[in-house]
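Fold and contact review
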Amino acid sequence: MDQLITDFEQFIGQPSYPCLGAKSAWGKRQIKYIIARDIQSAWDDLPIIEALANFADAYTETRTMFQSLVAVIFESKAVLTEEEFEHALWDRLQSLHDKDEFHGFTYDEAVTAEPSHPEFSLSFGGQAFFAVGLHPGASRKARRFSRNAVVFNLHDQFE
């Protein structure tokens, strides 16, 4: 498990890695990690949604910028095509949304839940998030990590 975190930190710590926000969060040790089984399984959705809600709550209190929650670095070595990964990612996000709603969290009013709307964003724990999927078969080199992973960044940090 610790090796997955080390691998991820080496990935974003590469001089050629292009995301300055990720590098900043990593350099300030403001990345939270959750290790889960498989992006194609709902097995770890409850701990993930709890972590997202806690992360949103902590952000609401501190407003510390450039934090990331790597909600999932998946242990499974399943190599998916880009299309399969995208499908699995949206399935996980929908499942997390359903659990967030079940726990009584309201959608962040700064964004909309309608995917076709330009103000669409995900919302967990009452805060808007962007989700970035990483996987071994990604066409974009910056998203080509050795395992399937999802990085959640607070929408507020990009406004």
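The present account deals with the structure reproduced in this document. (Residues numbered from 1 in each chain as written. Predicted model: local features only at pLDDT ≥ 70, side-chain atom pairs only at ≥ 80, totals over all residues. Heavy atoms only, no water.)

With respect to the overall build of the protein
Put simply, the rule is: Think of it this way: any DSSP run of H or I at least four residues long counts as a helix, any run of E at least two long counts as a strand, and we number them from the N terminus. Atoms counted for the radius of gyration: C-alpha only. Globule rule: 2.2 Å times residue count to the power 0.38. We call a residue buried when its accessible area falls under 20% of the maximum for its residue type, exposed when it is over 50%, and partly exposed in between, using a 1.4 Å probe and counting protein chains only. Only heavy atoms matter for contacts: two residues are in contact if any of them lie within 4.5 Å across the pair.
Of the regular secondary structure elements, the protein holds four helices and five strands. From first element to last, N terminus to C terminus, the protein shows the α and β order α-α-β-α-β-α-β-β-β. In summary, the protein has a C-alpha radius of gyration of 15 Å against a globular reference of 15 Å for 159 residues, a match within 12%. Taken along the three principal axes of its C-alpha coordinates, the protein extends 35 × 30 × 30 Å. Sorting the 159 residues of the protein into buried and exposed places 41% on the buried side. In the protein, 65% of the contacts between residues at least 6 apart in sequence involve partners at least 24 apart.

Brief notes about the packing of aromatic side chains
Operational definition: Whether two aromatic rings pair depends on their centres lying within 6.5 Å, for rings of Phe, Tyr and Trp, where Trp uses its six-membered ring; planes under 30 degrees apart make the pair stacked, over 60 edge-to-face, and the rest tilted.
Taken as a whole and assessed by the stated rule, the structure comprises 10 aromatic pairs. Taking 5.3 Å as the distance between ring centres and 85° as the angle between the ring planes, the aromatic pair formed by phenylalanine 8 and phenylalanine 145 counts as edge-to-face. Of this pair, phenylalanine 8 sits in helix H1 (residues 2–13) while phenylalanine 145 sits in the loop between strand E4 (127–134) and strand E5 (149–154), placing them 137 residues apart in sequence. As far as the burial class goes, phenylalanine 8 and phenylalanine 145 line up, both buried. Each ring, one from phenylalanine 129 and one from phenylalanine 152, has its centre 6.1 Å from the other, and the planes form 90°; the classification is edge-to-face. Note that phenylalanine 129 is positioned in strand E4 and phenylalanine 152 in strand E5, a separation of 23 residues in sequence.

Regarding the environment of leucine 4
Inspection of the secondary structure assignment puts leucine 4 in helix H1. C-alpha of leucine 4 to C-alpha of tyrosine 107: the two residues are 103 residues apart in sequence and 32 Å apart in space. In contact with leucine 4, other than residues within four places in its own chain, are Ile35, Ile73, Glu75, Phe145 and Arg147.

Details of the nonpolar core
The line we're drawing: By convention a nonpolar core is built from buried Ala, Val, Leu, Ile, Met, Phe, Trp, Tyr and Cys residues, the set being connected through side-chain atoms within 4.5 Å.
One finds Ile39, Ile48, Leu52, Leu96, Phe124, Phe129 and Phe152 to be the most contacted residues of the largest nonpolar core, which totals 25 residues. When residues of this core are traced back to their parent elements, those giving at least two are strand E1 (31–36), helix H3 (45–62), strand E2 (68–74), helix H4 (82–102), strand E3 (122–124) and E5. It is H3 that provides the largest number of residues to this core, a total of six residues. With sequence-adjacent residues up to four places away left out, isoleucine 39 is seen in contact with Phe74, Leu80, Phe85, Ala88, Leu89, Arg92, Asn148 and Val150. Among the nonpolar cores identified, the runner-up in size contains 15 residues, and Ala25, Ile35, Val70 and Leu134 belong to it.

Points about the environment of histidine 117
Formally: In the analysis that follows, any N or O atom pair within 3.5 Å is treated as a polar contact, provided that within protein one partner can donate a hydrogen and the other can accept it, and provided that, for residues neighboring in sequence, both atoms belong to side chains.
Here histidine 117 shows up in the loop between H4 and E3. Its relative accessible area of 39% is what places histidine 117 among the partly exposed residues. A distance of 2.9 Å separates a polar atom in the side chain of histidine 117 from the backbone nitrogen of glutamate 119.

Topic: the packing of H1 against helix H2 (residues 20–27)
Heads up, the condition is: Every axis corresponds to a line fitted to the C-alpha atoms, with the helix fit spanning only the stretch in contact, and the corresponding angles, defined between N-to-C directions, vary from 0 to 180 degrees. Just so you know how the angles are binned, under 35 degrees is roughly parallel, over 145 roughly antiparallel, 65 to 115 roughly perpendicular, and the rest oblique. Should the near helix be turned anticlockwise from the far one by less than a right angle, the crossing is termed left-handed; should it be turned clockwise, right-handed. In this count, Pro and Cys sit with the nonpolar residues alongside Ala, Val, Leu, Ile, Met, Phe, Trp and Tyr, while Asp, Glu, Lys and Arg are called charged and the others, Gly among them, polar.
Two elements in contact, H1 and H2, have axes separated by 9 Å at closest approach and are oriented at 130°. Taken together, H1 and H2 sit at an angle that is classed as oblique. Note on packing geometry: the crossing formed by H1 with H2 is left-handed. For the pair H1 and H2, the contacting residues are Glu9, Ile12 and Gly13 in the first and Ala22, Lys23 and Trp26 in the second. For the contact of H1 with H2, the per-class residue count stands at three nonpolar, one polar and two charged.

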